[in-house]
Amino acid sequence: MKFRNFFLNFFGIFYILISFLAFYNAVKYFSPQAILWISYFAFLILGIGMLFRDSYLIGSQINIIFFPYIVWSTDFLYHIFTSRSLWGITDYVFQQIPYNSLIVTIQHVIILPIAFISLYFIKFKKNNFWIFSFFEISLIFLLTRILSDPSRNINCVFKNCLPFDIALDYYSFIWLGFYIFMILIVNLFLIKIKLFEK
């Protein structure tokens, strides 16, 4: 029990602070538009979920980040072990970036295991957290499309971040469709795992 509380309190506070650092770095080193990155909000909401023992919030963020973070981590680890680029999405990490930004970006690799351990400790009280995921993704998508510069391609909402082309006429529908599908699949996976049942 003591370890459980220490774990949840420590990482809850840690990820809230990481989110603040991410927002600060976005404004200082890049552009105010950069605060719209999905990851920054995921860090904040996951931290709040851990700190307040809210599995609904934690599950909603795992729905959103699960597949993208696996892709990101695969690309990153491939580059670490081979010194070559795989898909190019993490190449920026191996260039000169501010140390503060490096601390934030490395969280892509470790936050999913921490989120799963947190769920194991807390368990689910309700399983409709996909609703929050849908609302969050839809809001971020709209804000990013309206407020950000297409050349920055924040959250990959203007064009695909992976090295293959998707027709731009349909890209917004594909982006939203992918996230809806991903959220539903991950949500179903999480509620089917007995490990997380109350």
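The structure this text deals with has already been given above.
Here we summarise the structure given alongside this text. Predicted, not measured: the structure shown is a model, and the values here were computed from it.

Looking now at the environment of V157. You can see V157 is positioned in the loop between helix 6 (130–147) and helix 7 (168–192). Placed 17 residues apart in sequence, V157 and I174 show a C-alpha to C-alpha distance of 9.9 Å.

On to the packing of aromatic side chains, then. Under the criterion given, the structure shown has 25 aromatic pairs. Each member of the aromatic cluster is reached from another via a ring pair, and the members are F3, F6, F7, F10, F11, F14, Y15, F43, Y120 and F121. The side chain of K126 reaches across the aromatic face of Y56, ending 4.9 Å from its centre.

Take the side chain of N63 next. Relative to the helices and strands, N63 is located in helix 3 (residues 55–82). Look at N63 and you get buried, because its relative accessible area is 0%. Polar side-chain contacts of N63 include one of 3.1 Å to the side chain of S133. If near-sequence neighbours (up to four positions away) are discounted, N63 is found in contact with F129, W130, S133, M182, I183, V186, N187 and L190.

Its location among the elements puts T105 in helix 4 (residues 99–105). Taking the relative accessible area as the measure of exposure, T105 reaches 5% and is therefore buried. For T105, the contacting residues outside a window of four places in its chain are W72, Y92 and V93.

Turning next to a nonpolar patch on the surface. On the surface, F135, L139, L142, L143, I146 and L147 cluster together into a nonpolar patch covering about 610 Å² of accessible area. Take I146: it is sitting in helix 6. Classification of I146 as exposed rests on a relative accessible area of 65%.

Let us look at the environment of P163. Tracing the backbone through its elements, the reader meets P163 in the loop between helix 6 and helix 7. C-alpha of P163 to C-alpha of I89: the two residues are 74 residues apart in sequence and 8.7 Å apart in space.

Turning next to the packing of helix 6 against helix 7. When two helices pack together, their arrangement is given by the angle between their axes and by how far apart the axes lie. Here helix 6 crosses helix 7 at 160°, and the two axes come no closer than 10 Å. Relative to helix 7, helix 6 is oriented roughly antiparallel. Helix 6 and helix 7 meet at a crossing whose hand is right-handed. Taken together, the residues of helix 7 that come into contact with helix 6 (itself represented by W130, S133, F134, I137, F141 and R145) are S172, W175, L176, Y179, I180, I183, L184 and N187. Along the lines of polarity and charge, the residues of the contact of helix 6 with helix 7 split into ten nonpolar, three polar and one charged.

Here we take up unusual backbone geometry. Even without being glycine, S83 reaches a positive phi, approximately 60°. S83 sits in the exposed class, given a relative accessible area of 61%. The phi angle at N153 is positive, at roughly 50°, despite the residue not being glycine. Tracing the backbone through its elements, the reader meets N153 in the loop between helix 6 and helix 7. What makes N153 buried here is its relative accessible area of 8%.

Counted at 1.5 Å a residue, the expected span for helix 2 (residues 38–51) with its 14 residues is 20 Å, and the 20 Å between its end C-alpha atoms agrees. Packing partners of the buried residues in helix 2 comprise helix 1 (2–30), helix 3, helix 4, helix 5 (107–122), helix 6 and helix 7. One or two positions beyond helix 2, positive phi appears at R53, with a value near 60°.

Quick look at the nonpolar core now. Among the nonpolar cores identified, the biggest contains 49 residues, and Y15, M50, I58, I62, I65, W175 and L190 are the most heavily contacted of them. At the level of elements, helix 1, helix 2, helix 3, helix 5, helix 6 and helix 7 are the ones that each hand at least two residues to this core. It is helix 1 that contributes the most residues to this core, nine residues altogether. In this structure L190 touches G59, I62, N63, F116, L119, F124, F129 and F196, once residues within four positions along its chain are discounted.

What counts, and at which threshold
Residues numbered from 1 in each chain as written. Predicted model: local features only at pLDDT ≥ 70, side-chain atom pairs only at ≥ 80, totals over all residues. Heavy atoms only, no water. Helix = DSSP H or I, 4+ residues; strand = E, 2+ residues; numbered from the N terminus. Phe/Tyr/Trp six-rings, centres within 6.5 Å; stacked < 30°, edge-to-face > 60°. Lys NZ or Arg CZ within 6 Å of the ring centre and 35° of its normal. Buried < 20%, exposed > 50% of the residue type's maximum accessible area, 1.4 Å probe, protein only. Polar contact = N/O pair within 3.5 Å; in protein donor to acceptor, adjacent residues only side chain to side chain. Contact = heavy atoms within 4.5 Å. Patch = residues over 30% accessible without salt bridge, like charges linked within 9 Å, V, L, I, M, F, W, Y side chains within 5 Å. Areas by Shrake-Rupley, 256 points an atom, 1.4 Å probe, with all protein chains shown as cover. Salt bridge = Lys/Arg side-chain N within 4 Å of Asp/Glu carboxyl O. Axes fitted to C-alpha atoms, helices over the stretch in contact; angles between N-to-C directions. Parallel < 35°, antiparallel > 145°, perpendicular 65-115°, else oblique. Left-handed = near helix turned anticlockwise from the far one by under 90°. Nonpolar A, V, L, I, M, F, W, Y, C, P; charged D, E, K, R; others polar. Expected span 1.5 Å × (residues − 1). Core = buried A, V, L, I, M, F, W, Y, C linked by side-chain atoms within 4.5 Å.

Bear in mind that shape data such as this cannot, by itself, settle questions of function.
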